[in-house]
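Architecture and fold: a report
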Amino acid sequence: MSGTTGGGRVAPRGRTGVLTAICLFSFLVNFGRIAFAPLVDVFIEAGISPATAGLAATAVWVGSALPRLPTGYLLTKVSRHRTILGMGVALAAGATFTTFSQDIWWTITGALFVGLATGVFFVAANPLLSELYPENVGLAVGVRGMSSQIAAVVAPFLIAVAIALGSWRIAFGTLAVLALAGTVVFGLAVRRAELPTAGALDRDLLGAIRAQWRLIVAGVLFVGLTGFAWQGVFNFYVTYLGAAKGIAPGTATTLLTLTFAAGVPAFLLAGRLADRVSYLALLLAILGGFVGCLLALTMVEGVLAVAAVSIAMGAVIHGLFPVGDAYVLDSMPDEHRASAYSGFSAAMMLIQAPGSVAVGVLAEGGLSYDGVFVGYAVLVGAITVVMAGLAWAGRLPRGV
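Definitions and limits used
- Residues numbered from 1 in each chain as written.
- Predicted model: local features only at pLDDT ≥ 70, side-chain atom pairs only at ≥ 80, totals over all residues.
- Heavy atoms only, no water.
- Helix = DSSP H or I, 4+ residues; strand = E, 2+ residues; numbered from the N terminus.
- Rg over C-alpha atoms; globule rule 2.2 N^0.38 Å.
- Buried < 20%, exposed > 50% of the residue type's maximum accessible area, 1.4 Å probe, protein only.
- Contact = heavy atoms within 4.5 Å.
- Lys, Arg positive; Asp, Glu negative; His and termini not counted.
- Charge placed at Lys NZ, Arg CZ, Asp CG, Glu CD.
- 1 Å grid on protein atoms, 1.4 Å probe; cavity = no way out; pocket = protein on both sides within 12 Å on 5 of 7 lines; lining within 4 Å.
- Points joined across faces, edges and corners; volume = space filled by probe spheres on them.
- Nonpolar A, V, L, I, M, F, W, Y, C, P; charged D, E, K, R; others polar.
- Expected span 1.5 Å × (residues − 1).
- Bend = angle between axes of the 7 residues up to and from the residue.
- Phe/Tyr/Trp six-rings, centres within 6.5 Å; stacked < 30°, edge-to-face > 60°.
- Axes fitted to C-alpha atoms, helices over the stretch in contact; angles between N-to-C directions.
- Parallel < 35°, antiparallel > 145°, perpendicular 65-115°, else oblique.
- Left-handed = near helix turned anticlockwise from the far one by under 90°.
- Patch = residues over 30% accessible without salt bridge, like charges linked within 9 Å, V, L, I, M, F, W, Y side chains within 5 Å.
- Areas by Shrake-Rupley, 256 points an atom, 1.4 Å probe, with all protein chains shown as cover.
- Salt bridge = Lys/Arg side-chain N within 4 Å of Asp/Glu carboxyl O.

Let us now look at the overall build of the chain. Per the secondary structure count, the chain includes 19 helices and zero strands. At 20 Å, the chain has a C-alpha radius of gyration in line with the 21 Å of a compact globule built from 400 residues. For the chain, the residues scored as buried account for 58% of the 400 residues in total. Partitioning the intrachain contacts of the chain with sequence separation of at least 6 by distance along the chain shows that 86% fall at a separation of at least 24. For the chain, the separation between the mean place of its 21 positive charges and that of its 16 negative charges on side chains is 9 Å.

Here the focus is the environment of Val-357. Looking at the secondary structure, you find Val-357 in helix H18 (residues 355-364). Owing to a relative accessible area of 19%, Val-357 belongs among the buried residues under this scheme. For the pair Val-357 and Thr-58, spaced 299 residues apart in sequence, the C-alpha to C-alpha distance is 6.1 Å.

Let's shift gears to empty space enclosed by the protein. Under the defined criterion, the tally for this structure stands at one cavity of 30 Å³ or more. Estimated volume of the largest cavity: approximately 380 Å³. If you trace the largest cavity, you find 27 residues lining it, with Asn-30, Arg-33, Trp-61, Phe-267 and Phe-321 closest to the centre. Sorting the residues of the lining of the largest cavity by element identifies helix H1 (15-34), helix H6 (104-132), helix H7 (137-165), helix H10 (213-235), helix H16 (320-330) and helix H17 (337-352) as the ones contributing at least two each. Split into classes, the residues belonging to the lining of the largest cavity amount to 14 nonpolar, nine polar and four charged.

Along the chain, Ser-147 falls in helix H7. Not counting the four nearest positions on each side in its chain, Ser-147 is found in contact with Cys-23, Ser-26 and Phe-27.

The next subject is H7. Each turn of an α-helix holds 3.6 residues, which means side chains three or four residues apart point in the same direction. Taking 1.5 Å as the rise per residue, H7 with 29 residues should run 42 Å; its terminal C-alpha atoms sit 41 Å apart, in good agreement. Val-154 marks where H7 bends most, by close to 40 degrees; the proline Pro-156 follows one to four residues later. Looking one or two places after H7, you find Gly-166, whose phi comes out positive at around 140 degrees.

This paragraph deals with the packing of aromatic side chains. Overall, the coordinates contain 20 aromatic pairs when judged by the stated rule. Joined through ring pairs, the aromatic side chains of Trp-61, Trp-230, Phe-234, Phe-260 and Phe-290 make up one cluster.

Next up on the list: the side chain of His-81. Relative to the elements of secondary structure, His-81 occurs in helix H5 (residues 80-99). The exposure class assigned to His-81 is buried, which follows from its relative accessible area of 17%.

So, on to the packing of H10 against H17. Direction vectors running N to C along H10 and H17 enclose 30 degrees, while the axes themselves pass 7 Å from each other. For the element pair H10 / H17, the angle class is roughly parallel. For the crossing formed where H10 meets H17, the hand is right-handed. From H10, Ile-216, Gly-219, Val-220, Val-223, Gly-224, Leu-225, Gly-227, Phe-228 and Gln-231 reach across to H17, where they touch Ala-340, Gly-343, Phe-344, Ala-347, Met-348, Ile-351 and Gln-352. In terms of residue class, the contact of H10 with H17 is made up of 10 nonpolar, six polar and no charged.

Right, let's talk about a nonpolar patch on the surface for a bit. Together, Phe-157, Leu-158, Val-161, Leu-165 and Ile-170 give the surface a local cluster of nonpolar side chains, amounting to about 450 Å² of exposed area. With four residues, H7 is the single largest residue contributor to the nonpolar patch. When you line up the elements, Leu-165 lands in helix H7.

Okay, structure coming up:
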């Protein structure tokens, strides 16, 4: 598949170096987001309530959602690469703030600051990648996503190492230093590259959102609501396995790592498939597969069975993100891409963000973790049925 191509959508010189630098940043920003997930159980063990501990994980995702629409407006005035350079400095500042936080509420604030920087990155980087690689949008966002997923895999391990060295704050201090280094690397890459000019006509944020609202809504329904369920599942995964399956925290953390590891090849495979087959068929298959895996997780017992289901679920759910991004980005004309994508990205993330705190609130209210997860599976199942019906009736944008 390929999107609408304008005069600026060519294969620019030096794009491999820019892609490499973006992948480095992608690793760092996703580490900043995911690092709070293994800390939920650490906070609970320190005497913090599940709802407050979940709020720390939620804050980073709320922060990732809040700047996305403003970033879309910023991109009508400032180039994508300059926006990414500013994001690198902001990520370093947010990580530094978190490093020196003294209580849970300051940590939650630091999580929000880290999230704000990550939101800017994704809105600027994904349209830039789609314009650097107009002939392989799915593969480009898949490679970037794979870099993010590697960060998700190693985040629990690196947090554990930091704790063993004395404090989880060490991980965020290191992130601050690497964010500044990544900013330098990206700046050097873009100086040597011929950057695309496809976004030159993208100067009307609200006009682009109005023109592409059907595509934005479709993307949000596919990715946002499913992401809400996934947020709750992975942020409470270690806690859930201990409470519902009797699995020790160390083993549960290993299983969480396996779940994320399964997503590394999934990003690349899903991205390649997105360039070859129907976006809608892939998205519906992914949602259906996630429902099946989540229901299976609530039913199986024993470490080996839980591991098998976790690996399958990790592979399935992480295919959602490159396919969803490719579906939205590749279906938009040059003059709407960054602006309309920011509208999709902001709405999608705001819907996703409360997924973990909702689990904590429902658990404190007396609902079992199994009950919460079954409810999430029912929610995604209903979305799958509705979207399949709309696709069959020809009511969904199909990409171009």
